[in-house]
Amino acid sequence: MAIDSEVLVVGGGIAGITAAIAAAREGADTRLVSHKASTLRQASGLIDALGYLPATEPAKPLREGPPTAGRNLDPDEWPDPEGPLADPFEAIDRLPEDHPYRLVGADALREGLDLFDDLVGDAYLGGHTDRNALVPTFGGSVKPTARYPASAAAGLASDDRPALIVGFRSLTEYDARTFADRLAAAGVPFDVAGAEVEFAEAFRADAKITRLAKALDRDEPIDGTPAREALAKAVGPHLHDVVDGEGGVDRVERVGFPAFLGDDHAAEVRAELGDRLGADVFEIPMGPPSLPGLRLEDLLYDALDDAGVRFETGTPAVGYEVDGGGDGGGGDGSGDRIDRLVMDRKGSEVPYGAEAIVLATGGLVGKGLDSDRDGVREPVLDLHVPQPADRYEWFVDDAFGEQPYARFGVRPDERLRPLDESGEVAYGNVRVAGAVVGGADVAREKSASGVSLATGLVAGREAAREVGQ
C-alpha cells in the first residue's frame, strides 16, 4: 500500500525544508523524505545570497571555440569576479539569463529570505537591510552574506573596533595567529591579533568540538574550575595583545573564538564570557562538524514540526512510476506525471504517492547529480542535464576561470518544472529546487543558500498550487 501525501519533497537541505514549509503554509498535506542526514551540519551556518559576480567570458581569449582543457593550448585569461557585492539584489539582472535567480525573479529571493527570518527568529541577524554583511570565516577570509548567526554579530569586518582572535593549541587545524594575519592582509578596518591559549588540553586529544561545546554548556569543572571561568582566565592575559598602526597597544573590545561556545546554551555561554572578559564575544564559523550548522538544523527541523510537515530520513528514492495522464512531453506542454516514487525503507521498496513532487536532492557535491566518464545525470527521475558531449569542454585550465561543470544541473522553466532535451516540460507535477537546478556557479558567486531559499519557496508554492488544481 502506498504512503500518500499531497506534496512529497525529496531532500533535507535548505531547499527541501523551504519547499516543504512553503507548501504546508499554502495548505498542502506535505511529507519530506531524505536519504541521509541534512548537509546543514556540514555547512558554515551563514546564509549567502549573492556575494560575487563571476565573469562568464574570458578577458583575453587566446584561442577560438569553446573552453577546453588539457589539450596543451594556452589557457584563456579570466578576470577576477566582481565583488564583494554590497547589494545582491542590484546584481541579479547581470547574471546569465538561465541563472535560477533570473528564472524565479529577485522577489523570490527577497521572499525566501523573509521566510527564513520568520523561521529562525532572533537567532539570525541581517534582515534589517538588503545589503550584505562581511563575516570572517574559517581560514581568515571574509564572506559577504545576507544573514548571519547572532553569535557572529560582534565579529563583522565592517566594525572598526580592535579584535583578538583566540585559538587553542590542541586544535591544530585552526591557527589563530595565521587567521589574524590573513584578516589584516585582507585590509579589514581594525587592528587584530591572534593568540593560542591552553584550554582544550583538558579533554582527550581526539575530543570533538561538540564535546567542548557541551562542557561549556554544562560549565563542567576543569581542574576544579568551571569551564567558562577557566576559558576566560586563559584568554585574559591576551586582551592587550593587539598593536595598532602606531606601535601602541590596545585593549581589545571584542574577542573571537572558534564556533564551539556552547550548543543548547550558546547565548548564555557567550554572555558570561563577555562579562568576564569585559569585551563582546563572537564565534567564527568553522569547517565540519559545524556548531552553527547544527544549531540551524535544529531550528529548521523545529519549523518543519510547527508547519505540520511529516519528516523521515534514511529513505532513498530507488525508482518511480509514471502516470501517462499528461501529453507525453508534447502537445499542451504539461508533460507526463510522476504518480509515485519508490523508496527504500530498510531494504523494502515502498511506493510514496503524491499529487506533486519537489526534487531538492542537491548538486554534484550532495549526490543529487551523478557523474562518471559517460556524463552527468540526475539519478532519481533521470531528468535531462545539459552538458557538452566532449568532456574536455566541461572545464577550463584556469582554476579560477569559468568552469562549465559548476553550472551543470537540471534546467527548469520559470515555474521550476524540469525540461527535457527538446525544451518541453518533462513532468508536469514535478518541481526542482536548490543545487539540483543548473545555471548557477554557487561556489564562486557565494549564492548557495539564496538559490536554495528562492527556488525552494517557488517550488513549494507551485507544488501546493498543483494540488489545488
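Let us look at the structure shown here. (Residues numbered from 1 in each chain as written. Predicted model: local features only at pLDDT ≥ 70, side-chain atom pairs only at ≥ 80, totals over all residues. Heavy atoms only, no water.)

### Some thoughts on the pairing of strand β18 (residues 348–359)
Within β18, 9 of the 12 residues are buried, which leaves it mostly tucked inside the rest of the structure. Examined bridge by bridge, strand β1 (residues 3–10) and β18 share 7 bridges and lie parallel to one another. When the sheet's bridge partners are listed, V9 is paired in β18 with V358. In this structure, strand β17 (residues 337–345) lies alongside β18, joined through 6 bridges in antiparallel fashion. Residue D344 lies in a different strand from β18, and its bridge partner there is E349. Alignment of β18 against strand β21 (residues 430–432), held across 3 bridges, turns out to be parallel. Bridging from a neighbouring strand, I357 pairs with V430 of β21. (Buried < 20%, exposed > 50% of the residue type's maximum accessible area, 1.4 Å probe, protein only. Helix = DSSP H or I, 4+ residues; strand = E, 2+ residues; numbered from the N terminus. Pairing = 2+ DSSP bridges.)

### Some thoughts on the packing of helix α3 (residues 106–120) against helix α10 (residues 448–468)
It is at 8 Å that the axes of α3 and α10 come closest, and there the two elements cross at 95°. With respect to α10, the axis of α3 lies roughly perpendicular. In contact with A108, L109, E111, G112, L113, L115 and F116 of α3, α10 contributes G450, L453, A454, L457, V458 and R461. Residues that form the contact of α3 with α10 fall into these classes: 9 nonpolar, 2 polar and 2 charged. (Axes fitted to C-alpha atoms, helices over the stretch in contact; angles between N-to-C directions. Parallel < 35°, antiparallel > 145°, perpendicular 65-115°, else oblique. Contact = heavy atoms within 4.5 Å. Nonpolar A, V, L, I, M, F, W, Y, C, P; charged D, E, K, R; others polar.)

### Points about the packing of aromatic side chains
Applying the stated rule across the entire model yields 5 aromatic pairs. Summarising the aromatic geometry, the rings of W394 and F408 are spaced 5.7 Å apart at their centres and angled 85° between planes, so their arrangement reads as edge-to-face. Residue W394 is located in the loop between β20 (375–377) and β21, and its partner F408 is located in the loop between β20 and β21; the two are separated by 14 residues in the primary sequence. Pair check on accessibility: W394 and F408 agree, each one buried. (Phe/Tyr/Trp six-rings, centres within 6.5 Å; stacked < 30°, edge-to-face > 60°.)

### Concerning the nonpolar core
Membership of the largest hydrophobic core comes to 54 residues, with the highest contact counts inside it found for V7, I47, Y101, L109, L296 and L300. Mapped onto this core, the elements with two or more residues apiece are β1, α1 (14–25), α2 (100–104), α3, α8 (291–307), β18 and α10. Once residues lying within four places of it in the same chain are set aside, the contact partners of L300 are I14, I17, L40, L119 and V120. Formed by 32 residues, the second largest nonpolar core is a distinct cluster that contains F168, A193, F199 and L239. (Core = buried A, V, L, I, M, F, W, Y, C linked by side-chain atoms within 4.5 Å.)

### Some thoughts on the pairing of β1
Looking at chain direction, β1 and strand β2 (residues 30–34) are connected through 4 bridges and run parallel. Bridge pairing in β2 links L8 to R31. Handedness of the β1-α1-β2 crossover: right-handed. (Right-handed = clockwise from strand over helix to strand, strands pointing away.)

### What about the sheet that holds strand β13 (residues 254–258)?
If you walk across this open sheet you meet the 4 strands as β8-β7-β13-β14, and the pairing is parallel. Taken across any chain shown, the strands that pair with only one partner, and hence form the sheet edges, are β8 (192–197) and β14 (280–284). Pairs of neighbouring strands in the sheet enclose a mean axial angle of 25°, with direction left out of account.

### As for helix α4 (residues 176–185)
For an α-helix, the turn length of 3.6 residues means that residues three or four places apart are oriented alike. Among the residues of α4, those classed as buried are A176, F179, A180 and L183. When α4 is viewed along its axis, its buried side chains cluster within an angular range of 95° and face the same direction. α4 presents D181 and A185 as exposed residues on the side facing more than 90 degrees away from its buried surface. Those residues of α4 that are buried lie in contact with β4 (133–136), β5 (142–145), β7 (163–168), β8 and β14. If you check the start of α4, you find a side-chain oxygen 3.1 Å away from the backbone N of R177, and it comes from D175. (Arc of directions from axis to C-beta. Polar contact = N/O pair within 3.5 Å; in protein donor to acceptor, adjacent residues only side chain to side chain.)

### As for unusual backbone geometry
In the segment running from G83 into P84, the intervening peptide bond is cis, with an omega of 5°. Examined against the element boundaries, P84 turns out to sit in the loop between β2 and α2. At D219, a position not held by glycine, the phi torsion is positive, near 55°. Backbone geometry at K367 places phi at a positive 70°, although glycine is not the residue there. As for its placement among the helices and strands, K367 is situated in the loop between β18 and β19 (370–372).

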